[in-house]
Amino acid sequence: MYLEKFRLDGKTAIVTGGSRGIGREIALALSEAGANVTVASRKLEALKEVVAEIEADGGKGHAVSAHAGNLEALESIVNETVEKFGSVDILVNNAAINPKFGPVEDMDEALFNKMIDVNLKAYLFLSKMVLGPMEKAGGGSIINISSIEAFSPSFGTGVYNITKASVVMLTKVLAKEWASKNIRVNTIAPGLIKTHFSEMLWSADEILKIYLNHCPMGRIGEAYEVAGLALFLASNASSYTTGTILTADGGYLL
């Protein structure tokens, strides 16, 4: 009975930033649970590799090359998904950028706007774009990927911290507004996870040492350890859960 609640048979998911790292692992996890999965990012060849993995395991996948900072591109993700699979039941807003490491005073307007567009604006507008299909399907689940950086500022990632903190509030706003539509909206806030995106942090001995000294579990995480939370939030196992923040940080925030 209980394991069946984690099944996603007949459901369709969109995962942005799905070509590698956390997004890739979430896409594979949702597919293994039975969902059709559209993966989206800028690099089509990398996406096709993920789709090939999904199909090799007996699942159904679709790749859409799209820049998360472009609203027309985001709309194409939704349109292609509905055309191919008939609906959208699950959205994982995962795509994010952090192109500059340094103090906030060194951040220019163009780069700030770019980070807002990808890390926050895309989450809101893609969520709005799937609202119609989800309502038509009788409900859905939206999962926003934030970060523990949302809760405590760290040197060098100030604007990234700001965007991820905004994702937390966006989650709460949408959860409250859309609960009556049977659409649940939740956040996962990972700690330091061993991915290409965070390599600059975990590959730097001094930064890694600082993190591990504050992490009760004494290690960094793996992408699959985030994917498990996404599967829970995407499935009926979390049918009474909305507006919440789940962390995967080895106890770092403690």
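Preceding block: the structure.
Residues numbered from 1 in each chain as written. Predicted model: local features only at pLDDT ≥ 70, side-chain atom pairs only at ≥ 80, totals over all residues. Heavy atoms only, no water.

1. Comments concerning the pairing of strand β4 (residues 90–93)
- In β4, alternate side chains face the same way, and those of I90 and V92 on one face and L91 and N93 on the other are all buried.
- As paired elements, strand β1 (residues 12–16) and β4 share three bridges and run parallel to each other. Looking at the pairing, V15 lines up with V92 of β4.
- By the bridge criterion, four bridges tie β4 to strand β5 (residues 140–145) in an arrangement that is parallel. Bridge assignment links L91 to a residue of β5, and that residue is I142.
- With respect to chirality, the unit in which β4 leads through helix α4 (residues 109–137) into the neighbouring parallel β5 is right-handed. (Buried < 20%, exposed > 50% of the residue type's maximum accessible area, 1.4 Å probe, protein only. Helix = DSSP H or I, 4+ residues; strand = E, 2+ residues; numbered from the N terminus. Pairing = 2+ DSSP bridges. Right-handed = clockwise from strand over helix to strand, strands pointing away.)

2. So, the sheet that holds strand β7 (residues 245–248)
- Taken together, seven strands build an open sheet; the order of strands is β3-β2-β1-β4-β5-β6-β7 and the sheet is parallel. The open sheet has two free edges, formed respectively by β3 (61–65) and β7, since each of these has just one partner strand. Within this sheet the neighbouring strands show an average axis-to-axis angle of 15 degrees, counted without direction.
- Against the sheet, helix α2 (residues 44–56) makes contact with β2 (36–41) and β3, and its axis sits at roughly 175 degrees relative to β3, the strand it touches most.
- With respect to the sheet, helix α8 (residues 224–234) is in contact with β4, β5, β6 (183–190) and β7, its orientation differing from that of β6 by roughly 170 degrees. (Axes fitted to C-alpha atoms, helices over the stretch in contact; angles between N-to-C directions. Contact = heavy atoms within 4.5 Å.)

3. Some words on a positive patch on the surface
- Among the surface-exposed residues, R20, R42, K43 and K114 lie close enough to one another that they form a single positively charged patch.
- Along the chain, K43 falls in the loop between β2 and α2.
- For K43, a relative accessible area of 53% translates into the label exposed. (Patch = residues over 30% accessible without salt bridge, like charges linked within 9 Å, V, L, I, M, F, W, Y side chains within 5 Å. Areas by Shrake-Rupley, 256 points an atom, 1.4 Å probe, with all protein chains shown as cover. Salt bridge = Lys/Arg side-chain N within 4 Å of Asp/Glu carboxyl O. Lys, Arg positive; Asp, Glu negative; His and termini not counted. Charge placed at Lys NZ, Arg CZ, Asp CG, Glu CD.)

4. Things to note about the packing of aromatic side chains
- Tallied over the entire structure, the rule returns two aromatic pairs.
- Taking 6.4 Å as the distance between ring centres and 40 degrees as the angle between the ring planes, the aromatic pair formed by F6 and F232 counts as tilted. With F6 in the segment before β1 and F232 in helix α8, the pair connects residues that are 226 residues apart, well separated along the chain.
- On the accessibility criterion, F232 (24% relative accessible area) is partly exposed.
- Here the aromatic rings of Y211 and Y252 are separated by 4.6 Å at their centres, their planes lie at 5 degrees, and the arrangement is stacked. Pair noted here: Y211 is in helix α7 (residues 205–214) and Y252 is in the segment after β7, with a separation of 41 residues, a long-range link.
- Relative accessible area serves as the criterion here: at 9%, Y211 is assigned to the buried category.
- On the basis of relative accessibility, which here comes to 27%, the residue Y252 falls in the partly exposed class. (Phe/Tyr/Trp six-rings, centres within 6.5 Å; stacked < 30°, edge-to-face > 60°.)

5. Considerations on helix α3 (residues 71–85)
- Compared with an ideal rise of 1.5 Å per residue, which puts 15 residues at 21 Å, α3 spans 21 Å between its outermost C-alpha atoms and is within 8% of the ideal.
- What α3 keeps buried is the set A73, L74, I77, V78, T81 and F85. Within α3, the buried residues cover an arc of 145 degrees as seen down the axis, which keeps them to one side. Residues of α3 that are exposed and point more than 90 degrees away from the buried face comprise E72 and E83.
- If you follow the buried residues of α3, they end up packed against β1, β2, β3 and α4.
- Residue N70 occupies the N-cap position of α3, its side-chain oxygen lying 2.9 Å from the main-chain nitrogen of E72.
- Count one or two residues on from α3 and you reach G86, which has phi positive near 95 degrees. (Expected span 1.5 Å × (residues − 1). Arc of directions from axis to C-beta. Polar contact = N/O pair within 3.5 Å; in protein donor to acceptor, adjacent residues only side chain to side chain.)

6. Here we look at the side chain of S141
- On the secondary structure map, S141 appears in strand β5.
- Those residues in contact with S141 that lie beyond four places of it in its chain are D89, I90, L91, M134, R184, L233 and A234.

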